[in-house]
Structures are given as C-alpha cells and as structure tokens.
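Structure at a glance
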Amino acid sequence: MCAISGMIGLAADAGSIRKMLATMHRRGPDDSGVFQDEDITLLHARLAIIDPDNGRQPMQLHWAGEDYILVYNGELYNTEELRHELAAAGHSFFGHSDTEVLLHAYAAYGADCVERLNGIFAFAVWERKRRRLFLARDRIGVKPLFYKQHEGGLIFASEIKTILTYPTVQARLDETGAAQLILLGPGRLPGSGVFQDICELEPGCCGYYERGQLTLCRYWQLKDREHRESFAETSECVRYLVQDAIRRQMVSDVPIGTFLSGGLDSSIITAVCAREMQGRGERLKTFSVDYKDNDRYFRSNKFQPNSDNSYIKIMVDALNTDHSWTVLAPEDLVDALEDATIARDLPGMADVDFSLLAFCKEIRSHVKVALSGECADEIFGGYPWYRDPEVRARVGFPWAQNTLDRAGILAPSIAVNAQDFVMDAYNQTCRESDILPGTCETERQMKVMVNLNFRWFMQTLLDRKDRMSMYHSLEVRVPFCDYRIAEYLYGVPWEFKDYQGKEKGLLRHAVAGLLPEEVLQRKKSPYPKTFDPRYEQLISARLDALATDPEAPLWQLVSREEVKKLLARETQWPWYGQLMRRPQTMAYLCQLDFWLRHNKVEFCY
C-alpha cells in the first residue's frame, strides 16, 4: 500500500513537492518518487509489500508508441492470472510486482483494464503523448482517492491533507459541508470531501482529465440478478468465494497477521489463514484489543451481548496462533483524539477510531500486513437494522435515526432544512438501488438496505480502517470486500441470508466445520468499546472546557446551549451506528473543534 498524488496544469516547485510528500510519508515510509514533465507532476510514497526491488514508482512503460507513467496505491489479488494473459499477448516483465502488471494491463486494455482487476486500488496513469490522465478507484472503495479542480488544473491525492498542502489551496467549509458534519457525520455525501470543492472519486468510478476537462463514469455497481441456485448450492458457492478471497489476500513478501475479535467474521479469516500457514510450517500471528478493567465495567446490551475475551481464547487455543493483546486505558483513547482526527482528515467515529489507531500502532510492531473482517455485515445482513422491525419500518438511514436531535444543535447560521437535507440524500440512494421488476416488497426493502449500507455506512468503516491503519504504515486487507462476494450476495434472497432466523445465517452454514461451534453460533457483537466511566469523565471535561471558550470554532457549527441540553440525557437512538452514544457524541464534538483549528478552516456561509 502507498500514497499517491499528482498535479496537472499547475506549478509544482521543489518546496511544494517536499511538503506534499511529507504528508504522504506515513502511508509510504519505505520509498518515494517524483515524475515531472511539462505541466504534470506525479508523486508516490511506498509501503513495500510485494517485490521491494522492482516495484518502485512512478513506474514507466513504453508500449505501442505511447509512454505510460503510473502511480498506484493498492493490491491486486489476480496478479498471476493477468500476468499470464498479458504475457501471451507479448508483454514481458522485469519483476513480480502487481504494479508492473497493472501498468501493462492499462497499456493493453486502456480504461477497460479496471473490469479485469480483482483488488483494492486507486491509481493514475499519465499518457505522455496523448497528454491525458486516467484516474480509477476500486469497486468497493477500499482505497481512497480525492481530487480538486483548481486554478484551471487538477490536484489528486490519496488523502485530503495532501491536497490542502498545495500552496494556493485553502481549507474552506460551506453550508453543505457544515450540514454534512452535523446532520450526517461521520458519514458524508457520496463523492464529497466535505471541504468546499474537494471531491472524492466514488467507488467503482474512473475517468480522464484531458484539456482541462474531467470526465468520469461509473464502471461498476451492485446489479440485481435472478437467483436460480438452491440453498445448498448457494452455501457451497459462498464457502468457495469466501475462502478463495482470503487465500488470495494472503499474498505478501512480508509477514502477515489477522485481527481476531472472536466474532464470526474475523474468526473465519483467522481460521483459513492459520490453516494455510500451518500447511507451510508457519504460525499465524493474531491480534486483539481490550480495555483496562473491561471485566469490571462491561455491561451487556442488545448491541454488545457479551465480551470478546472468552471467544478469542477459544480461537487461539483451537488454531495455536501466536497471539498478542493490546490493552487500552481511557487516557489512551483521549490522548489519541488529535492523531485520529489528523489521520482521517475529518472528524470520525470518536473512540471507535481512537482505539483502532492505537491498536494498529501495536500491530505494526509485529507485522506489516493484516487481514480484517470488515464489511461482512453489510453484505450478509448482519447489522441489527437488517432484522429490527421497528428500524426497518422507518424511513431514513437506519444507523442514524436521530435527525431531530442533530438538527436541534445546528447553529442558526446554517440555513439548511435538516429533514429535507437528510431525506434527499437517503432517497437518492434508494432510487439508485438496482432491483429487478416484479421483486416482492420484502426483497425490495432488503436490497435497498444493502445498497444504503454499501454506499454509506460501509464507506465510513472503510475510511476508518484505511486511515487508522495507514497512519502507522500498516496495510489492512478486507477479504469480505472481494467484489465477487458482493455481486453474488446481492442477488441472493433474504430468506437464504436469514437462514434459520439467524443473523448471517447463510454465512454460518457455509463455513460450518471451519470454526469451533461456540464461535460459529456466537451472536453478533460489534467492535469493542470501553464501558469505563472514566472515559466519559475525561471526554466530558474536554467538552466542558470548550463550552467556556467563546472563541472555539465549534460554536460556529453548533449551539452551545442546545449541545448542553442534548448531552444531559441519553438519546433514544445512537449518534451513529451501534457504538456512538453519549460519550462518543461528546468526543465527536471535540474532534470537530480540533479539526477546525488544525486545518484553520475558513467558514463560507
């Protein structure tokens, strides 16, 4: 994994390049490179995972009369298949990196190459003679890519902070950005970078920048199809797809490990990886996070019915993994607030981000690559809102049924109709859901739910995973984001996914025999959070200090008095998802204030 950036039609002196590369160093500490030609500059910072000697970038290729220059962030999981296909067409290779294969694939197939890629990626290719730039992002949106059309040119980068470093770019927040932060945050509108005029290339999109014009298209989205397989055939296909995705994503020239929570998803990945490595005479490294005094403070609830520890022990004992624990105190979480905000470039999921940031730092001291279980819940229907009749009957984003609470704290200067703003975004995604004619109402409802989760909630989690891990130069792969799994499961009927009335019932049936029975049947429990009252006390003290500061920029986004009223009670619905309740809402507001200060944000409303 790496960081990429580029400027076309814009000046780029040595000082500007140096500053931009500095923002990219954490994502790519092993090497850096620069390509300049007339009015284009391409930058790359590398985290070397595959073929360290022959994968340097920017990478150049002369083919069929054209010069191609590539900067690429990601990993391809069908590299060998593509290499053989390209070799048969006359291409030759100097190393075994996926970077070289990708560059040859673009030279051979042009923009259509994205259709042949199985992987996670964001990349840019400059065609020197045609004077045009191609940009692309993976189907699911695992790897980030932001851009800004600026002063007659274009800037793009893996992270927003790199764009903001360009000398004439200012961090501005308009009314739409402000509304996103309060009414949708930590989610954001598809394609939005929240900052004024900073956009994100959406998942499954690509396009060209040529003669000052950026033209984008969507090359992939979830498409409905008639499902003809029996349940047994479906289960067999799911078992194959999941195991194949995990095995493909084990490719690495450096040591790998897995996140292990003792839940279904991470345990499946760990089981497959451990057995593959045992066959090679190696022992898998596994990693878990816990909180100081968690056994004392943990409180069971409908979202977190039990603690992870006993299930983790079952998995470690069953698979004989080399296991490491990271134990965090409330102070560790609060101390990570600023770094987590810097890492994400935006306010995030509060201590759900803070803890992952600290966790990734510890993992990086052991391995350079880890596999994680994100996104199975979106695809297989594991979240409570897939199965809760009350939430399913309500319109609006199921993970944020709190527009009235959010609207109540919005600063009066932000003249946005909160209900319309949220519902317009919600309805737009509902309309975009691809559903076959004649689909019954229940099936229609569940497909809309999947698409909402894909386009919104999953993107928030992928942002979190990418930024928190890459801040510590750790590559985290997500096998359940293999597009083949997503494509296949979208067409599978809900009654199969809900087999025996269990969350992710189909997945449980498909992997029977891979896991100890206690883990296989464990009720879903989300990413762990602390229940220590000390955390709420510490974060509350931070927010109280802001309340006494009339110059705090936070109060240009929200009303101090209304925030006090909101936080005086525990609201019916969490702020976001399952984990962001009152302490996390406080932390989110503290993040907002720090973010505004750190970026010296100019308000444009």
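Below is a summary of the structure that appears in this document. (Residues numbered from 1 in each chain as written. Predicted model: local features only at pLDDT ≥ 70, side-chain atom pairs only at ≥ 80, totals over all residues. Heavy atoms only, no water.)

Attention now goes to empty space enclosed by the protein. Tallied over the entire structure, the rule returns ten cavities of 30 Å³ or more. Size it by volume and the largest cavity reaches roughly 640 Å³. Considering the residues around the largest cavity, the lining is formed by 39 residues, among which D377, K524, S525, P526 and Y527 are closest to the centre. Listing elements by their share of the lining of the largest cavity, those giving two or more residues are α7 (264-279), β15 (285-291), α12 (351-364), α13 (376-380) and α18 (441-470). (1 Å grid on protein atoms, 1.4 Å probe; cavity = no way out; pocket = protein on both sides within 12 Å on 5 of 7 lines; lining within 4 Å. Points joined across faces, edges and corners; volume = space filled by probe spheres on them. Helix = DSSP H or I, 4+ residues; strand = E, 2+ residues; numbered from the N terminus.)

With that out of the way, let us pick up the packing of aromatic side chains. All told, the structure shown has 22 aromatic pairs when counted by the stated rule. Relative to F480, the ring of F380 lies with its centre 6.3 Å away and its plane at 85°, an arrangement referred to as edge-to-face. Placement of the pair is F380 in helix α13 and F480 in the loop between β18 (475-477) and α19 (483-490), with a sequence separation of 100 residues. Taken as a pair, F380 and F480 share a single burial class, namely buried. Between the aromatic rings of W399 and F457, the centroid separation amounts to 5.5 Å while the plane-to-plane angle is 40°, which identifies the pairing as tilted. Of the two residues, W399 sits in the loop between α15 (389-392) and α16 (403-409) while F457 sits in helix α18, which places them 58 residues apart along the sequence. Taken individually, W399 and F457 each receive the classification buried, so the pair is uniform in this respect. A connected cluster of aromatic rings, assembled from ring pairs, spans Y383, W385, F397, W399, Y426, W456, F457 and Y576. The ring centre of Y471 lies 3.8 Å from the NZ or CZ of R26, which sits over that ring. The cationic tip of K447 hangs over the ring face of Y490; the distance from NZ or CZ to the ring centre is 5.0 Å. (Phe/Tyr/Trp six-rings, centres within 6.5 Å; stacked < 30°, edge-to-face > 60°. Buried < 20%, exposed > 50% of the residue type's maximum accessible area, 1.4 Å probe, protein only. Lys NZ or Arg CZ within 6 Å of the ring centre and 35° of its normal.)

Taken together, the six strands give an open sheet; going across it, the order is β4-β5-β6-β7-β12-β13, and neighbouring strands pair in antiparallel fashion. Of all the strands in the sheet, the pair left with one neighbour each is β4 (59-63) and β13 (213-218). Strand-to-strand twist across the sheet, computed as the mean angle between neighbouring axes with direction ignored, equals 20°. (Pairing = 2+ DSSP bridges. Axes fitted to C-alpha atoms, helices over the stretch in contact; angles between N-to-C directions.)

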